[in-house]
Amino acid sequence: MAFFLPTSFLGLQTLGKYHMFWPVPRHQQLFTVIFHLLNREHVKCFHFTTTSPSAIPVDPKATHMLSTKTRSEGRNGEERGGKDRTDTSSPHPFSLFSAGAAKRRSKNQEDLLMISKKNGIRPPEKPLSVAEWEELRGEFKGISKFEDVMLEQMIKCNSSIDVAKSLLSMVAMRKGDISYNLLVKYLALCVRQELMAEVCDVYDILKVRFKTLETGAYSLLIKGLNGSDRWREAFLLLEEIKKVMTPSKGNYGNCIKGALNNQEINLACELYHEMLAKDLIPNLDTLQVFFDTGKCVKDNQLKSELLGILLYLRENQLYPGEALMQSIKLWFESIPGENWEGRLTTIKNSGKCPVCNQNLESINLSQEEYNALKEKIMKDVIQGTDTFRKTTPQELEEFQNFVENHPPYDIVIDGLNVANVSNKRNQSQTLLDVVFHLAQQNLRLLVLGRKHMLTGSHSWKRHIVAAMQKKADFFFAENVSEDDPFLLYATLHSGSHCKFLTRDLLRDHKACIPDSLTRHLFFKWQRGHQMVLSHYWPGKRIKFQPILTYDTVVQTTGDTWHIPYDEQLVERYSYEVPTKWLCLQRK
């Protein structure tokens, strides 16, 4: 017995010279496309089978897509490696046209784009007939994957969905089959254009044809379904992903948006806390939906969750963009029974807010905080197993003895990092300029170097290195060793007054810190102690980025909130901080 899916996917719309619609398959793997050619009295039917290596065909005894088992072997029995469970990146459903997508493209996608660029393929502006598509395809005889390239370009150009439908119709007429890959690309175009009916129809087709899908298709469906009245089905797909890997923050974010848009606040909060427990950092637009949902709502539990989000931003040194900042401002000003006013401002080096005259938190740690941080860093970062992959216990012990046998330092310098700030100057000469500049201020300096600096070369001239050694202490580590453990140890050992000079982010070592409180202290200590060479003109001028006296994180006194934000969303170095603030004051 045959029955028909909804016809909005490719159905009953004039596509050039034919109509097209999709019935449900009659038995395992078979799928039927019926073309009604205009001005012709007969109907042509094509039965085609699954061709995708990425999806599993439907078992005749199981007609749903949500399988309880996952495949671990490929065609030849080799183990298939999925995405690493620790990878928290968000798989963008439109990776071919998203910023930074080049890093995430597969080799096949790169090849397709190269072919497209080389041959100048551009999608048509209007739907074509089968004959017209065949004629166009004939102009690119050397391309074996013409349809893939063309659909990729439609995604890139955001072509009309009717143009894509006409292409798939040509494929079905010529091959008797529409491959899994083409269906997923078509799905990506539907999701991008928020065509909910089309997304649902493709979903129905996929779940009948395939028992499981690969992660990219699941992610597309989760994003697409959450904008429809079938948003709850996206949670089933999220559970499928969990069986093989940790879902991305984008997967969680889309499900959270679907729940909040349908006023399922408790469900959204559960998902939010679940992703935090998996060390996934939410996208800012996910957090924005929380604040947009909370506007003018009198709900103490939701209010507590929103304040918790602000504290999460504080603990993780995260800065809202303008859109999230405005949502936070509007939420505060809409809280029933409270009288909050938000104003935007710039805070100068004094650390006093010009709007409310409140002094922001000092960047300096208390002695108790400093001692606690020092103990944690020594134990979990410097003496942890991670360090010994970068140095050896013997070398670290040698360095510890070196530091303990010298008076405390004022500045610890990452020699190689500083030497490479300019390509207009010899490395040894660049470092010499910086060392001499700091030595003139009667500061005790320690320069961390590598043993290759002593061998004499064009970059490291012996007489220049000898001249620097008269102005600063040097410790030369093995050439394969990392500088960070030595940098952290010497700076912390010298006391809270000691600064360190590098442009490195120290990101790896932050990841070794197990608890949020210590991570917060580490961020704060870094911002208050890291010197950065901001301007270097060889032989003329050296300028360092100023270290602020106040902390640049979300902070509150109860009656005030101060929230630093980015005017433009940019990837910043950990030592770079925003200058724009939202001041919220209860009147």
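Here's a quick rundown of the structure. (Residues numbered from 1 in each chain as written. Predicted model: local features only at pLDDT ≥ 70, side-chain atom pairs only at ≥ 80, totals over all residues. Heavy atoms only, no water.)

### Digging into the overall build of the chain
Counting its secondary structure elements, the chain contains 21 helices and 16 strands. For the chain, the accessible area works out to roughly 28300 Å², and carbon and sulfur atoms hold 48% of it. (Helix = DSSP H or I, 4+ residues; strand = E, 2+ residues; numbered from the N terminus. Areas by Shrake-Rupley, 256 points an atom, 1.4 Å probe, with all protein chains shown as cover.)

### Some words on the environment of W561
Within the secondary structure, W561 is located in strand β15 (residues 560-565). Take W561: its relative accessible area is 7%, and that puts it in the buried class. Spatially, the C-alpha atom of W561 lies 10.0 Å from that of W340, the residues being 221 residues apart in sequence. In this structure W561 touches L307, L310, L311, F332, W340, V554, Q555, T556, L582, C583 and L584, once residues within four positions along its chain are discounted. Within polar-contact distance, the side chain of W561 engages the side chain of T556 at 3.4 Å. (Buried < 20%, exposed > 50% of the residue type's maximum accessible area, 1.4 Å probe, protein only. Contact = heavy atoms within 4.5 Å. Polar contact = N/O pair within 3.5 Å; in protein donor to acceptor, adjacent residues only side chain to side chain.)

### Quick look at unusual backbone geometry
Its identity is not glycine, yet Q263 carries a phi of approximately 60°, on the positive side. The topology assignment puts Q263 in the loop between α9 (249-261) and α10 (265-277). For Q263, a relative accessible area of 55% translates into the label exposed. A positive phi angle, near 50°, is found at Q317, a position not held by glycine. Here Q317 lies in the loop between α12 (300-315) and α13 (322-334). Exposure remark for Q317: the relative accessible area of 11% places this residue in the buried category.

### Looking at the pattern of salt bridges
One pass over the structure, following the stated rule, counts 25 salt bridges. Among the salt bridges present, the one from E134 reaches R137, with a minimum N-O distance of 3.9 Å. On the criterion of helical spacing, the pair formed by E134 and R137 is a turn pair, its members being three residues apart in helix α2 (residues 130-138). Take E134: its relative accessible area is 28%, and that puts it in the partly exposed class. Across the salt bridge formed by E341 and K587, the nearest N and O atoms sit 3.4 Å from each other. Separated by 246 residues along the polypeptide, E341 in strand β6 (residues 340-346) and K587 in the segment after β16 (580-586) bring together distant segments of the chain. For K587, a relative accessible area of 58% translates into the label exposed. Linked through salt bridges whose partners overlap, the residues forming this network are E134, R137, E147 and R174. (Salt bridge = Lys/Arg side-chain N within 4 Å of Asp/Glu carboxyl O.)

### Structural notes on helix α11 (residues 284-294)
Residues T286, L287, V289, F290, F291, T293 and G294 constitute the buried set of α11. Elements in contact with the buried residues of α11: α9, α10, α12 and α13. Downstream of α11 by a residue or two, C296 has a phi angle that is positive, lying close to 65°.

### Quick look at the nonpolar core
Grouped together as the largest cluster of nonpolar side chains are 88 residues, with contacts concentrated most on W133, F146, L206, F290, L310, I328 and F332. The dominant element in this core, judged by the number of residues it contributes, is helix α5 (residues 180-192), at 10 residues. Here F290 is in contact with I256, L260, A268, C269, Y272, L306 and I309, once residues within four sequence places are set aside. (Core = buried A, V, L, I, M, F, W, Y, C linked by side-chain atoms within 4.5 Å.)

### As for the sheet that holds strand β10 (residues 499-501)
Across the sheet, which stays open at both edges, the five strands sit in the order β9-β8-β7-β10-β11 with parallel pairing between neighbours. Unpaired on one side and paired on the other, β9 (473-477) and β11 (530-531) mark the two borders of the sheet. By the bridge criterion, four bridges tie strand β7 (residues 411-414) to strand β8 (residues 445-450) in an arrangement that is parallel. Of the residues in β8, the one forming a bridge with I413 is V447. Along the sheet, helix α15 (residues 393-404) contacts β8 and β9; its crossing angle with β9, the most-contacted strand, is approximately 175°. Each of β7, β8, β9 and β10 is contacted by helix α19 (residues 484-494), which is oriented at about 175° to β7, the strand it contacts most. (Pairing = 2+ DSSP bridges. Axes fitted to C-alpha atoms, helices over the stretch in contact; angles between N-to-C directions.)

### Some details on α19
By the criterion of burial, α19 is predominantly enclosed, with 10 of the 11 residues buried. At the C-terminal side of α19, G495 shows a positive phi close to 115°.

### What about the environment of V202?
Within the element layout of this structure, V202 appears in helix α6 (residues 196-209). Residue class for V202 comes out buried when judged on its relative accessible area of 1%. Along the sequence, V202 and L221 sit 19 residues apart, while their C-alpha atoms lie 9.0 Å from each other.

### Concerning the packing of α11 against α13
Direction vectors running N to C along α11 and α13 enclose 20°, while the axes themselves pass 9 Å from each other. As summarised for this structure, α11 and α13 are arranged roughly parallel, according to the angle between their axes. Read as a crossing pair, α11 and α13 show a hand that is left-handed. Residue-level inspection shows L284, L287, Q288, F291, D292 and G294 of α11 in contact with α13, the latter providing A323, L324, S327, I328 and W331. Split into classes, the residues belonging to the contact of α11 with α13 amount to seven nonpolar, three polar and one charged. (Parallel < 35°, antiparallel > 145°, perpendicular 65-115°, else oblique. Left-handed = near helix turned anticlockwise from the far one by under 90°. Nonpolar A, V, L, I, M, F, W, Y, C, P; charged D, E, K, R; others polar.)

### Topic: the packing of aromatic side chains
Taken as a whole, this structure holds 19 aromatic pairs when the rule is applied. Seen in terms of ring centroids, F332 and W340 are 5.0 Å apart; in terms of plane orientation they differ by 65°. Their pairing is edge-to-face. Note on F332: relative accessible area 1%, which makes it buried. A residue is classified by how much of its surface remains accessible, and W340, at 5% relative accessible area, is buried. (Phe/Tyr/Trp six-rings, centres within 6.5 Å; stacked < 30°, edge-to-face > 60°.)

### As for the sheet that holds β6
Strand order in this open sheet of four strands is β6-β16-β15-β14, and the pairing throughout is antiparallel. Each of the sheet's edge strands pairs with one partner strand only, and the pair in question is β6 and β14 (555-556). The strands touched by α13 are β6, β15 and β16; relative to β6, the strand with the most contacts, the crossing angle is about 150°.

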